[in-house]
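# Fold and geometry: a report
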Amino acid sequence: MFNGDIFTFLKPKNELESQPAKKGSEENRPYIPDAMWVKCPGCKDMILAADMEENNRVCVKCGHHFRLSANKRIELLADIGTFEEMDADLQSKNVIDFPEYTRKLKSAQIQSGESESVKTGVCKIGGIKTVICVMDPTFMMGSMGSVTGEKITRAFEYATRNALPIIACTVSGGARMQEGILSLMQMAKTSGAVKKHSDAGLLYITVLTDPTTGGVTASFAMEGDIIISEPNALIAFAGPRVIEQTIRQKLPKNFQTAEFLLEKGFIDMVVQRSDLKETLYKLLKLHMFEGEVLPV
Amino acid sequence: MNAFDKVTAARSVDKLTSMDFIERMFKDSFIELHGDRRFADDKAVIGGVAMLHDTPVTVIGLEKGRNLKERMERNFGMAHPEGYRKALRLMKQAEKFKRPIICFVDTSGAYCGIGAEERGQGQAIAENIMEMMALKTPIISIFIGEGGSGGALALAVADEVWMLENSVYSVISPEGCASILWKDSSRTAEAAEVLKLTAQDLFKLGVIERIIREPKKDEYKAFESLKVLIGRTLEKNSRLSENELVETRYNRFRKFGNS
Ligand SMILES: [Zn+2]
């Protein structure tokens, strides 16, 4: 009864770099929300999907953090009814006429229900107004194309103009190769916008989630004033498979996990999903301007 | 030449390296500076100060090495985080002393390895990109061979980016693209084509300002004209106020994918 293929989210980490589209698999397969059981990659037990969903997609047995869609994460973090989306109408184009890209975009839109790999907007967290960018793992593995970069850049520019803090929740396989060099340019574009926001004395918090790799790691994901990660998330520049192929040796067990990055000094803290909103709230509150009060 | 011929030419061991350009253009005036002050001196990155005609400049290059021994020493031009941090240190130094910066880019990519990841390859590249975006001194980057993804961009957030006619600049190697997208390494040439990675393609996309004719090893006139062209461009940018300079650079990158 359990079909291990139902949840494409559950693939082992090393498989996470974008795979070629196999006919009738991955990409085109519908997400089945009412599947009863899922196998937890953390404890390897079968757990009730409904329990896991109820628990913000965290395994009730071992605490393994499953991936969260952009909508679910916004629901988790934003005060009810406060999220106002920006630039929802921006759509990717096949600018360099890359084969199959137009079709892939369409199927990513259908599969994820999102128009791009990031959703941006303003919301309140514990009553504090903030800009928020949330990437979606189901949209072409959160890859960064021109519109992804554009939406993030506009969100930073909006935050700078309005003297607001900004939070970016990342999940990404890296730059989107179907847009060639233009996807690489998004690393510079977004970083420029981060820098302006930073130079204006404003707070930027990144929340790294599994997996954050490649061009996203090598740009705005690592540029936060404060960098938070979810437990056990894969955070890398080069993915583990690429490294294993390059150096032809097995990688240490804990390598490139959030906990590993914490130990090496590259992130500030590892925070459980259940504590994420409160942690963000405390940090936002601490950075409020002197004399500012919540508009409640 | 098709796109893959360009890739092959860009990777050729006969191609002039950053050191070749530095020697020919700056001769004895080049003084090499070493180290990132944090961890090590990465030999995949060469950096230092030199005179461009009468102007002091900072010169930084990704260096592949000119023979096997050098190539091993220089890790085939694949920098570790300390290489990018050395580059950033020298760029900050250039800003302090109001020297323009000239970068030579030639790398298949940032190194993929345990040490590189442990020491924050992604963070190092991100920091370079972000800091270069706001550096208050003119920057020119010249691609002289391979421009592999983020590892190349970390030295190419510049006011102008130029490429030699047989150089390439891409988000992913054609091999990587073919194997990830099609699981078929025999389609590498096709991947090179669709990635639009040649100097000519990139000029059309508005990603670079100039294509530079490939100079021959001892064609001293060609290096002299390149110097003149660089000098003129740096001078033009030096006349801008610091804010105008940074704002112009911001807008240069801001326009990509803004439609
Ligand atoms: Zn579990």
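Quick caveat: nothing in here was measured; it's all calculated off a predicted structure.

So, how was this worked out
- Residues numbered from 1 in each chain as written.
- Chains lettered and ligands numbered in written order.
- Predicted model: local features only at pLDDT ≥ 70, side-chain atom pairs only at ≥ 80, totals over all residues.
- Heavy atoms only, no water.
- Helix = DSSP H or I, 4+ residues; strand = E, 2+ residues; numbered from the N terminus.
- Buried < 20%, exposed > 50% of the residue type's maximum accessible area, 1.4 Å probe, protein only.
- Contact = heavy atoms within 4.5 Å.
- Areas by Shrake-Rupley, 256 points an atom, 1.4 Å probe, with all protein chains shown as cover.
- Donors = N, O, S within 2.8 Å, 3.2 Å for Na, K, Ca; no water.
- Tetrahedral: all angles 85-135°; square planar, octahedral: opposite > 155°, others 65-115°.
- Pairing = 2+ DSSP bridges.
- Right-handed = clockwise from strand over helix to strand, strands pointing away.
- pLDDT = per-residue confidence, 0-100.

### Things to note about the overall build of chain A
- A count of helical and extended segments in chain A gives 9 helices and 9 strands.
- When the 296 residues of chain A are sorted by exposure, 58% land in the buried category.
- Look at the contacts in chain A between residues 6 or more apart in sequence, and 70% of them connect residues 24 or more apart.
- Put simply, chain A shows about 12500 Å² of open surface, and 52% of that area lies on carbon and sulfur atoms.

### A look at the environment of B:Ala199
All names here are of chain B.
- Tracing the backbone through its elements, the reader meets Ala199 in helix α10 (residues 199-204).
- Accessibility expressed as a relative area gives 0% for Ala199, which makes it buried.
- Along the primary structure Ala199 and Met163 are separated by 36 residues, whereas in three dimensions their C-alpha atoms are 5.9 Å apart.
- Here Ala199 is in contact with Met163, Leu164, Glu165, Ser167, Ile208 and Ile211, once residues within four sequence places are set aside.

### Section: the side chain of B:Asn237
- Checked against the element boundaries, B:Asn237 lands in helix α11 (residues 220-238).
- Setting aside anything within four residues of it in sequence, one finds B:Asn237 in contact with B:Pro138, B:Asp159 and B:Leu245.

### Quick word on the coordination of the zinc ion
Residues and elements named next belong to chain A.
- Within the protein, the atoms that donate to the zinc ion are Cys40 (SG), Cys43 (SG), Cys59 (SG) and Cys62 (SG), at distances of 2.3 to 2.4 Å.
- Each of the 4 donor atoms around the zinc ion contributes to a set of angles spanning 105 to 113 degrees, which defines the coordination as tetrahedral.
- Positions of the donor residues of the zinc ion, expressed as sequence spacing, correspond to C-x2-C-x15-C-x2-C.
- What makes Cys40 buried here is its relative accessible area of 0%.

### Here we look at the pairing of strand β5 (residues 128-135) of chain A
Residue and element names in this part refer to chain A.
- Extensive coverage of β5 is indicated by the burial of 7 of its 8 residues.
- Counting the residues between successive antiparallel strands, the hairpin from strand β4 (residues 118-125) to β5 contains 2 residues, one of them, Gly126, with a positive phi of roughly 60 degrees.
- As defined by bridge partners, β5 adjoins strand β6 (residues 166-172) across 4 bridges and the pair is classed as parallel. Note that in β6 the partner of Ile132 across the bridge is Ile167.
- Traced from β5 through helix α4 (residues 146-161) to β6, the parallel crossover comes out right-handed.

### Things to note about the confidence of the model for chain A
- On average, residues of chain A score 89 in pLDDT, and 88% of them are at 70 or above.
- Scored below 50 in pLDDT, residues 1-27 of chain A shows 58 contacts in the model against residues more than four places distant or in partner chains.

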